[in-house]
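# Residue-level structure breakdown
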Amino acid sequence: MFLKNSSFSEQTAWITIAFTIFIAWYYGNGITELEGFFSTHADQIVWLWISTLIVSIVFAVIAFTVLTVIRKVSGDDDEDVSLVDERDQEIEDKATAWAYFTLSFCIMALLIHVFCQGVIPGYPFFSDVPPLDFLIHGLMFSGLLVEFVARVSQIYRYRMAA
Amino acid sequence: MTKKVKGIISNQLRKKRFEKDEMTQQELAKVLGVTRQTIAAIEAGKYSPSLEVAFCLTDIFATTLDELFQWQANESESDKD
């Protein structure tokens, strides 16, 4: 059965990957529907954050409920889900290192973009988006990308020794 | 000149489990306090356990580290001082 040969930590990583893809799609969709920028339509962006938070919670509740049902059906529910052993910890540490490098890269990229937009006349990338808006949305997507990279790295290591 | 030592670790865990009343991976994992996947990874030679876990294993199977784990070194030399 699906996920039969995986630990709870790996199953959680799979859910987190699905979660980040879904939230990136939801938030990206929300951005395209905004009618203005933060300086003129701050309420719309704040509402997008709140709705993203609510959708995130609903997604997490549904995903973990489904996972619990799958574990019960497949007979894996006798395993201690709170058990995190040394291998889990080692894999988590390596994923955290990847997350750290990704976050550093994203922040550098965002700052370089804002800097270039300010000093280079005719800078071609996202020239119609104010720096504040670019930073707000950029940080949101950076967070999602960091989580995605960390979990992909985690699953890769789990699968290498599955 | 420094030596960079790499090696392959193999183990007799699977054999020892079967010798101990065909103990399952799940049962061994429960005794050790690790996940069944970790036991599977150790048996497959894809994960090297910590010394604590290795000594616990020798304790469970009443054996020695040498008997449970074997290490074959592939030594390579580099020119760095």
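Throughout what follows, the structure given in this document is the object of discussion.

Rules of the game
Every chain's residues receive numbers from 1 upward, in the order its sequence appears when written. The order in which chains are written sets their letters, starting at A; the order in which ligands are written sets their numbers, starting at 1. Reporting of local features is limited, given that this is a predicted model, to residues whose pLDDT is at least 70; pairs of side-chain atoms are given and counted only at 80 or more, and all residues count toward the totals for whole chains, interfaces and linings. In computing side-chain properties, one takes all heavy atoms of the structure into account and sets aside hydrogens as well as water. To qualify as a helix, a DSSP run of H or I must reach at least 4 residues; to qualify as a strand, a run of E must reach at least 2; elements of each kind are numbered from the N terminus. Summary of the burial criterion: residues with accessible area below 20% of their type's maximum are buried, those above 50% are exposed, and those between are partly exposed, where the area comes from a 1.4 Å probe applied to protein chains only. When checking whether two residues touch, look at their non-hydrogen atoms; a contact exists if any pair is within 4.5 Å. Accessible surface is estimated by sampling points in the Shrake-Rupley manner with a 1.4 Å probe; for residues, cover comes only from the protein chains shown. Patch rule: a residue counts if its relative accessible area is over 30% and it has no salt bridge; like charges are joined within 9 Å, and nonpolar side chains (Val, Leu, Ile, Met, Phe, Trp, Tyr) within 5 Å. Should a side-chain nitrogen of Lys or Arg be within 4 Å of a carboxyl oxygen of Asp or Glu, the pair is scored as a salt bridge. Paired rings are identified among Phe, Tyr and Trp, the last through its six-membered ring, by centres lying within 6.5 Å, and are further divided according to the angle between planes into stacked (under 30 degrees), edge-to-face (over 60) and tilted (the rest). Working rule for helices: expected span equals 1.5 Å times residues minus one. Distance and chemistry together define a polar contact, namely a pair of N or O atoms within 3.5 Å, with one atom able to donate a hydrogen and the other to accept it when in protein, and with adjacent residues in sequence counting only for side-chain atoms on both sides. In these notes, a set of buried Ala, Val, Leu, Ile, Met, Phe, Trp, Tyr and Cys residues joined through side-chain atoms within 4.5 Å is what counts as a nonpolar core.

### Observations concerning the overall build of chain A
- Within chain A one finds 4 helices and 0 strands.
- Each helix and strand of chain A, ordered N terminal to C terminal, gives the series α-α-α-α.
- Within chain A, buried positions represent 36% of all 162 residues.
- In chain A, the proportion of contacts linking residues at least 24 apart, taken out of those at least 6 apart, comes to 78%.
- Split by element, the accessible area of chain A, about 9,600 Å² in all, is 74% carbon and sulfur.

### Considering a nonpolar patch on the surface
- A contiguous nonpolar surface patch, about 730 Å² in accessible area, is contributed by V46(A), W47(A), W49(A), I50(A), I54(A), V58(A), I62(A) and V66(A).
- With respect to the helices and strands, I54(A) occurs in helix α2 (residues 42-74).

### Things to note about the packing of aromatic side chains
All names here are of chain A.
- Taken as a whole, this structure holds 8 aromatic pairs over all chains when the rule is applied.
- Their ring planes at 75° and their centres at 5.6 Å tell us that Y123 and F125 sit as a pair that is edge-to-face.
- In this structure F125 comes out as exposed when scored by relative accessible area, which is 51%.
- Ring centres of F126 and F134 lie 5.2 Å apart, and the angle between their planes is 55°; on these two criteria the pair is classed as tilted.
- One aromatic cluster is present, built from ring pairs that chain together F19, F22, W25 and F59.

### What to know about helix α3 (residues 86-119) of chain A
- Over its 34 residues, α3(A) extends 49 Å from the first C-alpha to the last, a length consistent with the 50 Å expected when each residue adds 1.5 Å.
- Each element contacted by the buried residues of α3(A) is listed here: α1 (8-32) and α4 (131-160) of chain A together with α3 (36-43) of chain B.
- Here α3(A) starts with a cap whose side-chain oxygen sits 3.1 Å from the backbone nitrogen of R87(A), and that cap is D85(A).

### As for the side chain of S7(A)
- Relative to the helices and strands, S7(A) is located in the segment before α1.
- Overall, S7(A) belongs to the buried group, its relative accessible area being 3%.
- Discounting chain neighbours no more than four positions away, the residues touching S7(A) are D88(A), Y158(A), T35(B) and Q37(B).

### Quick notes on the nonpolar core
- In this structure, L13(B), L28(B), L32(B), L57(B) and F61(B) are the most contacted members of the largest nonpolar core, which totals 18 residues.
- Elements that contribute at least two residues to this core include exactly α2 (25-32), α3 and α4 (51-60) of chain B.
- For this core, the leading source of residues is α4(B), giving 4 residues.
- Contact partners of L13(B), with chain neighbours within four places excluded, come to L28(B), I42(B), E43(B), L57(B), F61(B) and L68(B).
- One finds Y27(A), L34(A), I45(A) and L48(A) within the second-largest nonpolar core, a separate group that totals 5 residues.

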